[in-house]
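Secondary and tertiary structure notes
Next come the chains, spelled out residue by residue.
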Amino acid sequence: MTQTLPDDPAGIARAAALLRAGALVAFGTETVYGLGADATNARAVAEVFAAKGRPHFNPLICHYPDADAAFAQVAANAPARRLAAALWPGPLSLVLPRRADCPVALLTGAGLPTLAVRVPAHATALALLRAVGRPVAAPSANRSGQVSPTTARHVLDGLAGRIAAVLDSGPCQVGVESTVLDLSGEQPLLLRPGGATVEAIEALIGPVRHGIPHAVAEAARAPRSPGLQVSHYAPDAPVRLNANAARHDEALLAFGPPPQGAGATFQLSTSCDLTEAAANLFIGLRQLDAEAAQLGLTAIAVMPIPEQGLGLAINDRLQRAAAPREKVRAPP
Ligand code: TXA
Ligand code: MG
């Protein structure tokens, strides 16, 4: 059963307690309703992907009550500070490099070295974020492939029974998602048009280009890099899928009881729990990649993962990691 919580102090306190406990709570913002999870809890974030039925991991936007809270976790540059001062709270998400001590789970950003952050212009959402005291990851609160919801009723139409609660703060004012702007590179890049206009942004920081995320362009210059619209961290070591045995010169990404003999092993889930495996995926890839480099191992062997539920998103990610690397297309 999904609870509908009222927009009052008790409802907000309940929503915050649920989020802090790792449950999923949808809440209204000025743009659309978000499907919220504690962004520092990889397992809760994995549940977001499961509830949405997304066949792949998209990086999610982290929501904060103010710019100081956001910029404590990502590294803001001058344009970011100028935009935040003028347009936050508001429908603008800024992609910036994670700080070294950033507590946000790697899964939240789909393994990228950057994070999209925003401060929503909605009193209830801000009260909720203050009460949670942690960044809240929130994609639009719809099932994958459906339109973004602008009322609590729309949220329940798609997600009733899949999430703990929806905090009903009435209809959303803006109705389209936030503008996503990548400020992590040399030039500002518009990744998604939205509630904050390009004109307003350019008036503050000068010309903005349309293009692919800087982290993706960066990956394209690396020796092995996936050619994806929104690429993710790609291990340097080649990836071998559906491995039921591992050689001594391979690192093993295990799912369930592992075969013997690998040069290094990372366990995604001893009990073959797909949510736990999703939560551990990016940590595991990074750790094995580092160990492979240290120990001179030649590949990362990955045990079979069932093609169901979150297994689809995990396999999508692993197939991209294993695929021959292409060049990233030049931005239009
Ligand atoms: O208005 C909104 O932004 C709503 C409300 C709930 O805040 N949220 C939302 O989230 O639309 P979502 O997950 O549906 O869209 C996130 C967008 C995606 O296009 C994703 O690719 C991009 O932001 N994004 C997030 N993090 C990114 C990153 N590190 N680099 C590049 N793109 C990123
Ligand atoms: Mg969406």
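Residues numbered from 1 in each chain as written. Chains lettered and ligands numbered in written order. Predicted model: local features only at pLDDT ≥ 70, side-chain atom pairs only at ≥ 80, totals over all residues. Heavy atoms only, no water.

Considerations on the overall build of the protein chain
Our working definition: For the purposes of this entry, the term helix denotes a DSSP run of H or I that reaches at least four residues, the term strand denotes a run of E that reaches at least two, and both are numbered from the N terminus. Only C-alpha atoms enter the radius of gyration, while the globule expectation follows 2.2 Å times N to the 0.38, with N the number of residues. Exposure classes here rest on a 1.4 Å probe applied to the protein chains alone. A residue is buried below 20% of its type maximum, exposed above 50%, and partly exposed in between.
Secondary structure summary: the protein chain contains ten helices and 15 strands in total. Over its C-alpha atoms the protein chain spans a radius of gyration of 20 Å, differing by no more than 12% from the 20 Å that the globule rule assigns to 332 residues. If one aligns the C-alpha atoms of the protein chain with their principal axes, the spans along those axes are about 60 × 50 × 35 Å. Across the 332 residues of the protein chain, 52% fall into the buried class.

Focus: the site of ligand 1
Counted only if it meets this: We call a residue near a molecule or strand whenever a single non-hydrogen atom of that residue lies within 4 Å of it. Throughout this description, a polar contact denotes any pair of N or O atoms lying within 3.5 Å of each other; where both atoms belong to protein, one of them has to be capable of donating a hydrogen while the other can accept it, and for residues adjacent in sequence the pair is counted only when both atoms sit in side chains. Residue burial considers only the protein chains on display, and all accessible areas are found by Shrake-Rupley using a 1.4 Å probe. Residue polarity follows a fixed list, in which Ala, Val, Leu, Ile, Met, Phe, Trp, Tyr, Cys and Pro are nonpolar, Asp, Glu, Lys and Arg are charged, and the others, Gly among them, are polar.
Near ligand 1 lie 23 residues; those nearest to it are Thr 31, His 63, Arg 118, Ser 178 and Arg 192. Residue Ser 140 places a main-chain N or O atom 3.4 Å away from an oxygen atom belonging to ligand 1. For ligand 1, the accessible surface in isolation is 680 Å², of which the surrounding protein chains cover 93%. At the level of secondary structure, the elements contributing two or more residues to the shell around ligand 1 comprise strand S4 (61-63), strand S6 (114-118) and strand S10 (189-192). By residue number, the principal contributor to the shell around ligand 1 is S6, which donates four residues. For the shell around ligand 1, the per-class residue count stands at 13 nonpolar, six polar and four charged.

Thoughts on the nonpolar core
Formally: Residue types Ala, Val, Leu, Ile, Met, Phe, Trp, Tyr and Cys, when buried and joined through side-chain atoms within 4.5 Å, form a set referred to as a nonpolar core.
Ranked by size, the top nonpolar core spans 101 residues in total, and within it Phe 57, Leu 94 and Leu 253 carry the most contacts. In terms of residue count, the dominant contributor to this core is helix H9 (residues 274-295) (nine residues).

Brief notes about the environment of Cys 102
Residue placement: Cys 102 occurs in the loop between strand S5 (92-97) and S6. Residue Cys 102 is classed as buried on the basis of its relative accessible area of 10%. Measuring from C-alpha to C-alpha, the distance between Cys 102 and Val 74 comes to 7.0 Å, with 28 residues separating the pair along the chain.

Some words on the sheet that holds strand S12 (residues 239-240)
Heads up, the condition is: Any two strands are treated as partners once DSSP identifies two or more bridges connecting them. By the convention used here, residues are in contact when the closest approach between their heavy atoms is within 4.5 Å. Fitted lines through C-alpha atoms give the axes, limited to the stretch in contact for helices. The angle between two N-to-C directions lies from 0 to 180 degrees.
Strand order in the open sheet formed by four strands is S12-S15-S13-S14, with parallel pairing between adjacent strands. With one partner strand each, in any of the chains shown, S12 and strand S14 (264-267) form the two edges of the open sheet. Looking at chain direction, S12 and strand S15 (residues 299-302) are connected through two bridges and run parallel. Paired with Val 239 across the bridge in S15 is Ile 300. Each of strand S13 (250-254), S14 and S15 touches H9; the most contacted strand, S14, lies at about 175° to it.

A closer look at the confidence of the model for the protein chain
Rules: For every residue, the pLDDT score states the predictor's confidence, bounded by 0 at the bottom and 100 at the top.
Residues of the protein chain with pLDDT of at least 70 account for 93%, and the chain-wide mean is 92. When the criterion is pLDDT under 50, residues 223-231 qualifies, and its contacts beyond four places in sequence or with other chains add up to 33 contacts. In this model residues 327-332 is a low-confidence stretch, pLDDT under 50, and it forms twelve contacts with partners more than four residues away in sequence or in other chains.

A word on the pairing of S14
Here S14 shows a buried face lined by Ala 264 and Phe 266 and an unburied face lined by Thr 265 and Gln 267. Pairing of S13 with S14 involves four bridges; the strand directions are parallel. Paired with Ala 251 across the strands is Ala 264, a residue of S14.

A word on helix H4 (residues 78-87)
Basically, it comes down to this: Directions are taken from the helix axis to each C-beta atom, and the arc is the one they span.
Three or more residues of H4 are buried, namely Ala 80, Leu 83 and Ala 84. For H4, the angular spread of buried residues about the axis comes to 100°, placing them on one side. Contacts from the buried residues of H4 go to helix H3 (67-71), S5, strand S9 (179-182) and helix H7 (198-205). With a side-chain oxygen positioned 3.1 Å from the backbone nitrogen of Ala 80, the residue opening H4 is Asn 77.

Details of the packing of aromatic side chains
The cut-off we apply is this: Pairing of aromatic side chains requires ring centres within 6.5 Å, counting the rings of Phe and Tyr and the six-membered ring of Trp. Pairs whose planes differ by under 30 degrees are stacked, by over 60 edge-to-face, and all others tilted.
Overall, the coordinates contain three aromatic pairs when judged by the stated rule. When the centroid spacing of 5.0 Å and the interplanar angle of 80° are considered together, the rings of Phe 49 and Phe 57 count as edge-to-face. Ring geometry for Phe 57 against Phe 282: centres 6.1 Å apart, planes inclined by 70°, an arrangement best described as edge-to-face. Of this pair, Phe 57 sits in the loop between helix H2 (42-52) and S4 while Phe 282 sits in helix H9; the two residues are 225 residues apart in sequence, bridging distant segments of the chain.

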